[in-house]
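Remarks on the overall topology
Read off the chains here:
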Amino acid sequence: MKTRFNTYDIICMVAELQRLVGMRVNQVYDIDNKTYVIRFQRSEEKVVLLLESGNRFHTTQFEWPKNVAPSGFTMKLRKHLKNKRLESISQLGVDRIVALQFGSGEAAYHVVLELYDRGNIVLTDYEWTILNVLRPHVEGDKIRFAVKEKYPLDRAKTDYSAPNEEVLKEILSKSKPGDNLKKTLNPNLEFGAAVIDHVLLENGLTGNMKVNKEQGFLVDRDLDKLVKALKQAEHMLDSAKNTVAKVSNLTDIITAVELETFDRAVDEFFSALEGQKIDMKTVQMEREAMKKLQNVRKDHDKRVTELSRVQQDDRKKAELISRNETLVEHARMAIQTALANQMSWDNIGLLIKTAQDNKDPIASVIKQLKLNTNHITLLLSDPYDDQSDDDEDDDDKLDLKPMLVDIDLSLTAFANARRYYDQKRNAAKKQQKTIESADKALKSAERKTKQTLKEVQTISSISKARKTYWFEKFYWFISSDNYLVIAGRDQQQNEVLVKRHLRAGDLYVHADLSGASSVLVKAAGRAQPPPRTLAEAGQAAVGYSVAWEAKVLTRAWWVQAHQVSKSAPTGEYLTTGSFMIRGKKNYLLPDHLQFGFSFMFRLEDSCIERHRDERRAVAPEDASDVISDVTSAQDQDEEILVSDDDEPSDTEDSKKINRLESITEETTQIKIEDAPESEKESREETAGEAESSDDDSDSGVLHTHIKVDHGTGEVFTESKTRTISEMSDTSEDKFTFPALPKMTKKPQKREKKVPEPKEPKKEEKKETLKRGQRGKLKKIQKKYKNQDDEDRAVMMDMLQSSKESKESKKAQKKAAAKPSKSKAGQARAQRIPQPAPLLLEADSEEEIDPEIEQVEGADAAGADTDVELLAQLTGCPCAEDELLFAVPVVAPYSALVNYKYKVKLTPGTSKRGKAAKTAVQVFLRDKCGSARERDLLKAVKEENIARNFPGKVKLSAPQLHKHKK
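Our subject in this report is the structure included herewith. None of these values were measured; they are calculated from a predicted model. (Residues numbered from 1 in each chain as written. Predicted model: local features only at pLDDT ≥ 70, side-chain atom pairs only at ≥ 80, totals over all residues. Heavy atoms only, no water.)

**A look at the sheet that holds strand β19 (residues 475-478)**
In spatial order, the strands read β19-β20-β22-β21-β23-β26; together these six strands make up an open sheet with antiparallel pairing. Each end of this open sheet is capped by a strand with a single partner; those strands are β19 and β26 (586-587). Relative to strand β22 (residues 519-522), strand β21 (residues 507-511) is paired through three bridges, and the arrangement is antiparallel. Paired with Y508 across the bridge in β22 is L520. Contacts from helix α13 (residues 491-501) reach β20 (484-487), β21 and β22 within the one sheet, and its direction differs from that of β20 by about 140°. (Pairing = 2+ DSSP bridges. Helix = DSSP H or I, 4+ residues; strand = E, 2+ residues; numbered from the N terminus. Contact = heavy atoms within 4.5 Å. Axes fitted to C-alpha atoms, helices over the stretch in contact; angles between N-to-C directions.)

Written as structure tokens, this is what we have:
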């Protein structure tokens, strides 16, 4: 089986991999000490190039197991190649050497891959000076492959032309008797064995033909065919340089498959080959694990058997001592007497030997003296062996054959018998304990074996890498109405998000906090997203901000795509991730910080129609029903949720909420301007009749920024006054919603004041002024004392909108301003009955970003593509569905209510990785899950599971405490 590239393979692969030129190196990994992987990237395109020293090079679509710690050679490649552009990939001459150039000029580096002999990979600088070498060695007498040596470019072969007849005759004449044609030609030609075999078969010859044999290859008869065949081989190599192989048949390892390109065929071939090696390695490791388990069982059985034998022996010895009590006592006394007479041990031995020669019955049973341990060994037999005991059961009968018994000289015969009986009882107890602990020991061994087998399955596996969706590099989810929502992970991604993916018709959502993620609702070419989708996008904007770690509620706002611009005002500039918002901001109601974690499954194309309408937009008249259904579903789910014990108390959360509420209430203070009383009263109603604060700055509207400290969770406010000219764009949208109501006391009800057409008297004005407004009014009058009626009328026209629009806004504000009667401890659990956002109309004509207008024509096609892309994913797989892979998703919990697998995430103290593993274990133990779904969940990489979590979380799921145990 061929596993090494020949010259023709190299030429074909080099021609095909020219498409990689211009891509940049993203990272370098090593699979083993000979195989390395280079990950390339160009915009959204990613390619992985695999290099194996001495064998092959090709791109791969499979996930190869990488070493946990990169080798020194890998670190050197990373140091010099990372972020470098691939400038060229070429073959050195016609030799089996491939050179890759990264960078240009003096910043260029070369990676040389040698595919002959034992192979090698060499890293050089722009002058071909070796910086690192995988296999340092000396070739011949002078060529050294070592650091700081020059790589020898002149040794590469440069000609592969077919030899003429005279050269062929000379080559054939040097063949040894019995050599075949292929063995004779291959060392002298550069075509490679596979190409030579092919062209010989094409011209009626075979490589196995014996040279100069009648039944083989005869020069006079077959030389013309050979010349023609080698010319054909030369033509094959010439054409391979200029064309890319389109089709390749792969038949060596797998069933015959027709693939698009030679590169894909090589990838499939070696991946299947390596997969077989890993399978064999896995089987071997499984056998070793099972062998260990068998050894544990055998060892246990052996111990039980040994303890049984010891019991039998001890019982026999005790019985023999009891039946030979007089003999044992006499032998013991004889030795003790000799010792008492101070005879040496040697003399005692001679004494016993002499007595044995004289057939002394006592000396005859003494077989060994163990005087160093104060023991003697006696050969005892049953003196009643000839007598039969018919009353004794067969089970209790002992086979008392003669056996050696150790006797302790310090104990009597009876005491020695009792000692053996005690040993027998101890062995019986030990045997019983061993048997009782057998199940536990075997179960422990089986558990360890299963764990080993599980590790064997995961340590090395080659699986075809799925193609990631373009939006997975961002925070993302699919809304309840089937709109794609994406958000930036940092300021740099926010910049990319808006510049590359914001299209006319999309919506831009942002939390009312600095540094939060930019969120896009992809709605280009589709209808305006329903309120439910906007509410979920607002939740995501707040969740992916410092509000999550601080555990505080705040609001978000949205604008149309044409209101977002990167163009800064004259004399100013915008930092990375910052944008100009022109026109009206539409504020959304604050919602709870409740996210969910789930998995979506990629459907096979034939199963997509079955799930086509599972996420469809809801008609406005049905929105309230859906919202109530979702709320009730969340309530029911929360009743059975079991939470961690790592969450701060409700009292602490209530304090934070009250702190934010008090800050928000302060931001609603506005200034009273010197205007007709009817206009003031109207503006007081528009502002929710909030009190104004004293300020020495210019008149206008206070614009407050809420900032949250990342480390302590403290909330700060920063206020600045907007001028009257800016109020036309921002005054009303800042007070669309009332401040969050204080939970400690009920708000005071105020009677609605109806503006009168006539100007009220000054005495009446003084009576209606509230505390703190008199000083404010004096400052305003002083500032605008030189303003005539005409100027004042122009300014007031800029501030006020049409009467109908104002009345509509008043009605909406009254509906949203109804105070909550819940207590402070219930602030976190408060549910808003109308989560739909309140849309505001702009008071002024907005600017249109010309960059957005340029791509508006492609919105319809892009919208259709996005819808079809989202239709491939489902969170509710059916039993009859064919599933390809699983994708982890984090979204507002309301968007995941109908998903099969889901857990709730709220701000907490559990780390993201630990919480993600716990959630996956919950999903794997779900009895409703199929085997295919569990396999797909296990196949998801751990680093991809928790990457979209908003921060530290508290995990909630039904019966979670059981899963943890």
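Picking up after the structure, the text goes on.
**Concerning the packing of helix α1 (residues 7-16) against helix α7 (residues 262-323)**
At their nearest, the axes of α1 and α7 sit 9 Å apart, and the two run at 115° to each other. Touching D9, C12, M13 and E16 of α1 are F262, D263 and V266, all from α7. Residue composition of the contact of α1 with α7, by class: four nonpolar, no polar and three charged. (Nonpolar A, V, L, I, M, F, W, Y, C, P; charged D, E, K, R; others polar.)

**Re the packing of helix α5 (residues 193-202) against helix α6 (residues 219-242)**
Two elements in contact, α5 and α6, have axes separated by 9 Å at closest approach and are oriented at 130°. On the basis of their axis angle, the class for α5 and α6 is oblique. When the axes of α5 and α6 are compared, the crossing they make is right-handed. Between α5, through V195, H198, V199, L200 and E202, and α6, the contact on the second element is made entirely by L226, A229, Q232, A233 and M236. Residues that form the contact of α5 with α6 fall into these classes: seven nonpolar, two polar and one charged. (Parallel < 35°, antiparallel > 145°, perpendicular 65-115°, else oblique. Left-handed = near helix turned anticlockwise from the far one by under 90°.)

**As for a positive patch on the surface**
On the surface, a cluster of positive charge is contributed by R4, K34, R118 and K277. The topology assignment puts K34 in the loop between β1 (24-30) and β2 (35-42). On the basis of relative accessible area, K34 is assigned to the partly exposed category, the value being 34%. (Patch = residues over 30% accessible without salt bridge, like charges linked within 9 Å, V, L, I, M, F, W, Y side chains within 5 Å. Areas by Shrake-Rupley, 256 points an atom, 1.4 Å probe, with all protein chains shown as cover. Salt bridge = Lys/Arg side-chain N within 4 Å of Asp/Glu carboxyl O. Lys, Arg positive; Asp, Glu negative; His and termini not counted. Charge placed at Lys NZ, Arg CZ, Asp CG, Glu CD. Buried < 20%, exposed > 50% of the residue type's maximum accessible area, 1.4 Å probe, protein only.)

**A short note on the packing of aromatic side chains**
What the rule picks out here adds up to 22 aromatic pairs. With a centroid separation of 6.2 Å and 10° between ring planes, the pair formed by F40 and F102 is classed as stacked. Linking F40 in strand β2 with F102 in strand β7 (residues 97-102), this pair joins segments that are 62 residues apart in sequence. Just as F40 is buried, F102 falls in that class too. Summarising the aromatic geometry, the rings of Y475 and Y544 are spaced 3.9 Å apart at their centres and angled 10° between planes, so their arrangement reads as stacked. Of this pair, Y475 sits in strand β19 while Y544 sits in the loop between α14 (531-543) and α15 (546-550), and the two are 69 residues apart along the sequence. The class for Y475 is buried, based on a relative accessible area of 11%. (Phe/Tyr/Trp six-rings, centres within 6.5 Å; stacked < 30°, edge-to-face > 60°.)

**Let's talk about the pattern of salt bridges**
All chains considered together, the criterion is met by 36 salt bridges. R144 is paired through a salt bridge with E149; the nearest N and O atoms lie 2.7 Å apart. Look at E149 and you get partly exposed, because its relative accessible area is 30%. Put simply, R264 and D267 hold a salt bridge, and the shortest N to O gap is 3.4 Å.

**With respect to the state of the cysteines**
Enumeration according to the criterion identifies zero disulfides in this entry. For C607, which is in no disulfide, the shortest distance to another cysteine sulfur is to C878 and amounts to 8.8 Å. (Disulfide = S-S within 2.5 Å.)

**With respect to the pairing of β19**
Here β19 shows two buried faces, one formed by Y475 and F477 and the other by W476 and I478. Taking the residues between adjacent antiparallel strands as the criterion, β19 and β20 are bridged by five residues, where N482 takes a positive phi near 70°.

**Some points on the side chain of K522**
By the element assignment, K522 lies in strand β22. Within polar-contact distance, the side chain of K522 engages the backbone oxygen of H501 at 2.4 Å. Among the polar contacts made by the side chain of K522, one reaches the side chain of D506 at a distance of 2.9 Å. The residues contacting K522, other than those within four sequence positions of it, are Y483, L484, I486, H501, R503, D506 and D866. (Polar contact = N/O pair within 3.5 Å; in protein donor to acceptor, adjacent residues only side chain to side chain.)

**Some points on the sheet that holds strand β16 (residues 375-380)**
Pairing in this open sheet of three strands is antiparallel, and the strands run β15-β16-β17 from one edge to the other. Unpaired on one side and paired on the other, β15 (366-370) and β17 (403-408) mark the two borders of the sheet. On average, each strand axis in the sheet is tilted by 25° relative to the strand beside it, whichever way the strands run. Alignment of β16 against β17, held across six bridges, turns out to be antiparallel.

**Observations regarding the environment of I89**
Mapped onto the fold, I89 is located in strand β6 (residues 86-91). Spatially, the C-alpha atoms of I89 and Q18 are 6.7 Å apart, while their sequence positions differ by 71 residues. Excluding residues that lie within four positions of it along the chain, I89 makes contacts with V14, L17, Q18, V21, F57, V98, A99 and L100.

**Describing the nonpolar core**
Soluble globular proteins: nonpolar side chains tend toward being buried together. Of all hydrophobic cores here, the largest spans 88 residues; its most connected members are W476, V509, F597, F599, L905 and F949. Here this core spans two domains, and each of domain 4 (466-593) and domain 5 (594-619 + 864-964) adds at least three residues to it. Look past the residues within four positions of F597 in its chain and what remains in contact with it is P888, V889, V890, L896, Y901, K902, V903, L905, A919, F923, I945 and F949. If you look at the next biggest cluster of nonpolar residues, it comprises 65 residues, including V25, F40, L77 and I121. (Core = buried A, V, L, I, M, F, W, Y, C linked by side-chain atoms within 4.5 Å. Domains from an automatic or database assignment.)

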